[in-house]
Amino acid sequence: MEHGLQLEMNFSDMSANRLQENLNRGDFVMLTEISSPGRDLELSVGHNRLRELEFAISKIDTMPAGIAFIDKGNSVDTWHVADFAAGLVEQQRDNHIIYLSGKNSDMANMIESANLCEVNGFRNLVPVSGDHVIGENSKATAKRSFTESVHLLQYLRRHKNHNIWSGAVVNPFQYIPDNLYGQLFKMVKKLNLGANFLVTDFGWDMLKFQELRWYLNSRNLYYPTIARLMLLTPESVDKIIRDAIPGVHISHGFRQLLESELRYSYNQFEAAQWRRLQIQAAGCRLLGYSGIQIAGLDSPAKINTAAIKISKALDEFADFAAWQQEYFNYLAKTEMAPFPHCFYLFENMTGTELHPTAHITTLSELPKCHRREKLNYKLKKFLFPHAHKQNASEHFISKKIFAGCRECSFCRLPMTQYICPETCPKGLANGPCGGAKPDGQCEVGDFECIHNTIMRLASWNQELDCLENDYIEPALKK
Ligand code: SF4
């Protein structure tokens, strides 16, 4: 791994973790999202900009504040996130979160990155599998290496000498049962593997934020949860409209609303976005989120304005019913679910109850296996029942014909309902990424996300619990 990081060992209190303390105490936290810059920018210039933002964040006195460092967010050729984050002053690095992306990284890189973060005083890490590169198709994506987030979580759990508090990402903005249950099963797997807190993906549909909190409560999963929000700019709206932000898919109605806002004067556009952010932030706190992580605050002035406006919004909305009225009046006159996909786990989510009174949709809502899927499964189970215990080259030809075998270092077919995880462009075996399209199609191809098929088969075999409980070890690709 390329990095020029000097290891800095002089941290006054290696055990302190202010973010953990704040989240556990229930103090509402505001994190500003900053992406590691591209290598076309001098690292020293990036550090200077970072320090300006850090100074603005250090002046926030109305709520605990920190930075969420995004790894490989803008492009592939970015500075290593640990090198970039090392530009901060040495004190209080435990206020921040570093995301470590598995894109173009193997497990050794991920472990080395985690070690670098820790030795430099960072305490909070969120491993992510990584987004595809915009414009790349499934073949190009499959040529890259993606290390699943669960592997680093598992490593950190096994090596308890690490002084790291790890988190996990979940994308609740899913509108068909297959996608949504897949996200929730994988989220629970990550919690079982040692994740201590959760961060959502971006979204504007507050009912989906609500649904996640209700689901966690219904499962007695009392983990701090951070909602990821975005202060929209004309540039980011343009990207959203062009579907150029992985995992962000919006409804036709919301698209039309954003397009109409783009026709406002700049000042009106900006005022609309600040109000949207205020309402979302206040709603998240009322729904039980422990904090928000905001993208789009790219200057000290915006950070300062965000802190003031969010504090005002938290004071303005102390009551859920009043907040909800404002949300529906101001933001959600439009349909937020991308028609015809409009699945929500709970009934009556628009009632004024802050906690679920309605029943959760049962797992019987899961779509059933197609006849062909069952036949395929039975055939492969008959042919390769012990493939995971055999040499990967055994039955190679028939595994290639019936399962698309890529001859990994060991075979995982019996653990994934006989769907080869290597047919996922990112090679994910432990559950879906957050990027599937609203109709269940893969993030990078015109085929259904393989984890939807795995889930239908698991449901048919009454093995859904395996999707939460069974950790599938990584295999090396040929
Ligand atoms: S198959 Fe599913 S998990 Fe794999 S890249 Fe596509 S959407 Fe993501």
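Residues numbered from 1 in each chain as written. Predicted model: local features only at pLDDT ≥ 70, side-chain atom pairs only at ≥ 80, totals over all residues. Heavy atoms only, no water.

> An account of the overall build of the protein is needed here, citing residue identities and associated values.
When helices and strands are tallied, the protein shows 17 helices and eight strands. Taking 478 residues into account, the globule formula puts the C-alpha radius of gyration at 23 Å, and the protein, at 22 Å, falls close to it. The C-alpha extent of the protein, read off along each of the three principal axes, is 65 × 55 × 40 Å. Counting over 478 residues, the protein shows a buried share of 58%. Taking contacts inside the protein between residues at least 6 apart in sequence as the whole, the part at least 24 apart equals 78%. As displayed, the protein has an accessible area near 20700 Å², and 50% of this comes from carbon and sulfur atoms. A distance of 6 Å separates the average location of the 51 positive side-chain charges in the protein from that of its 54 negative side-chain charges. (Helix = DSSP H or I, 4+ residues; strand = E, 2+ residues; numbered from the N terminus. Rg over C-alpha atoms; globule rule 2.2 N^0.38 Å. Buried < 20%, exposed > 50% of the residue type's maximum accessible area, 1.4 Å probe, protein only. Contact = heavy atoms within 4.5 Å. Areas by Shrake-Rupley, 256 points an atom, 1.4 Å probe, with all protein chains shown as cover. Lys, Arg positive; Asp, Glu negative; His and termini not counted. Charge placed at Lys NZ, Arg CZ, Asp CG, Glu CD.)

> Give a description of the site of the ligand that names residues and reports values.
Close contacts around the ligand come from Cys424, Pro425, Lys426, Pro432, Cys433, Cys442, Glu443, Cys449, Ile450 and His451, and that covers them all. Each residue belonging to the shell around the ligand can be placed in one class, and the counts come to seven nonpolar, one polar and two charged. (Near = heavy atom within 4 Å. Nonpolar A, V, L, I, M, F, W, Y, C, P; charged D, E, K, R; others polar.)

> So, helix 16 (residues 450-460): which residues are in play, and what are the values?
Most of helix 16 sits out of view: nine of its eleven residues are buried. Buried residues of helix 16: Ile450, His451, Asn452, Thr453, Ile454, Met455, Arg456, Leu457 and Ala458, and no others. Its buried side turned inward, helix 16 meets helix 7 (177-192), helix 14 (371-383) and helix 17 (464-469). Phi turns positive, to about 55 degrees, at Gln462, one or two residues after helix 16.

> Mind laying out a nonpolar patch on the surface, listing which residues take part and the relevant values?
A cluster of nonpolar side chains, namely Leu379, Ile397, Ile401 and Phe402, defines an oily patch on the protein surface of about 390 Å² accessible area. For the nonpolar patch, the element with the highest residue contribution is helix 15 (residues 396-403), accounting for three residues. Its place among the elements puts Phe402 in helix 15. The class for Phe402 is partly exposed, based on a relative accessible area of 38%. (Patch = residues over 30% accessible without salt bridge, like charges linked within 9 Å, V, L, I, M, F, W, Y side chains within 5 Å. Salt bridge = Lys/Arg side-chain N within 4 Å of Asp/Glu carboxyl O.)

> Got a sec to walk through the pattern of salt bridges? Specific residues and values, please.
One pass over the full model with this rule turns up 20 salt bridges. The partner of Lys302 in a salt bridge is Asp298, and the shortest N-O contact between them spans 3.2 Å. We classify Lys302 as buried; its relative accessible area is 16%.

> Provide a residue-level description of the pairing of strand 4 (residues 124-128), including the pertinent values.
Most of strand 4 sits inside the fold, with five of its five residues counted as buried. The alternating pattern of strand 4 places Asn124, Val126 and Val128 on one face and Leu125 and Pro127 on the opposite face, and all of these are buried. Pairing geometry for strand 3 (residues 97-101) and strand 4, over five bridges, is parallel. Bridge pairing in strand 4 links Leu100 to Pro127. With helix 4 (residues 107-119) bridging strand 3 and the parallel strand 4, this β-α-β connection has right-handed handedness. As judged from the two bridges shared by strand 4 and strand 5 (residues 165-170), these two strands associate in the parallel manner. Its bridge partner being in strand 5, Asn124 is matched across the sheet by Trp165. (Pairing = 2+ DSSP bridges. Right-handed = clockwise from strand over helix to strand, strands pointing away.)

> So, the packing of aromatic side chains: which residues are in play, and what are the values?
In total, this model carries 16 aromatic pairs according to the counting rule given. Centroid distance Phe69 to Phe122: 6.3 Å. Interplanar angle 80 degrees. Geometry classified as edge-to-face. In this pair, Phe69 is assigned in strand 2 (residues 65-70) and Phe122 in the loop between helix 4 and strand 4, connecting sequence segments 53 residues apart. Taking relative accessible area as the criterion, Phe69 reaches 0% and is therefore assigned buried. Each member of the aromatic cluster is reached from another via a ring pair, and the members are Phe320, Trp323, Tyr327 and Phe328. (Phe/Tyr/Trp six-rings, centres within 6.5 Å; stacked < 30°, edge-to-face > 60°.)

> Tell me about the environment of Arg213, and please be specific about residues and values.
Inspection of the secondary structure puts Arg213 in helix 8 (residues 206-218). For the pair Arg213 and Ile472, spaced 259 residues apart in sequence, the C-alpha separation works out to 27 Å. Ignoring any residue separated from it by four or fewer positions in sequence, one finds Arg213 in contact with Tyr223, Thr225, Leu287, Gly288 and Tyr289. In this structure the side chain of Arg213 is engaged in a polar contact, spanning 3.4 Å, whose partner is the backbone oxygen of Leu287. (Polar contact = N/O pair within 3.5 Å; in protein donor to acceptor, adjacent residues only side chain to side chain.)

> Please give an account of the sheet that holds strand 3 that cites residues and values.
Strand order around the closed barrel formed by eight strands is 1-2-3-4-5-6-7-8, with parallel pairing between neighbours. Averaged over all neighbouring strand pairs, the angle between strand axes comes to 25 degrees, with direction disregarded. Along the sheet, helix 4 makes contact with strand 3 and strand 4, crossing strand 3 at roughly 165 degrees. (Axes fitted to C-alpha atoms, helices over the stretch in contact; angles between N-to-C directions.)

> So what about the pairing of strand 1 (residues 29-35)? Which residues, and what values?
Judged by how many residues are buried, strand 1 sits mostly within the fold: six of seven residues are covered. In the sheet, strand 1 pairs with strand 8 (residues 291-295) via four bridges, with the strands oriented parallel. For Met30, the partnering residue across the bridge sits in strand 8 and is Ile292. Here strand 1 pairs with strand 2 via six bridges, running parallel. Its bridge partner lying in strand 2, Leu31 is registered against Gly66. Remark: the strand 1/helix 2 (residues 43-58)/strand 2 crossover connection has right-handed handedness.

By themselves, these observations are geometric and do not establish any function.
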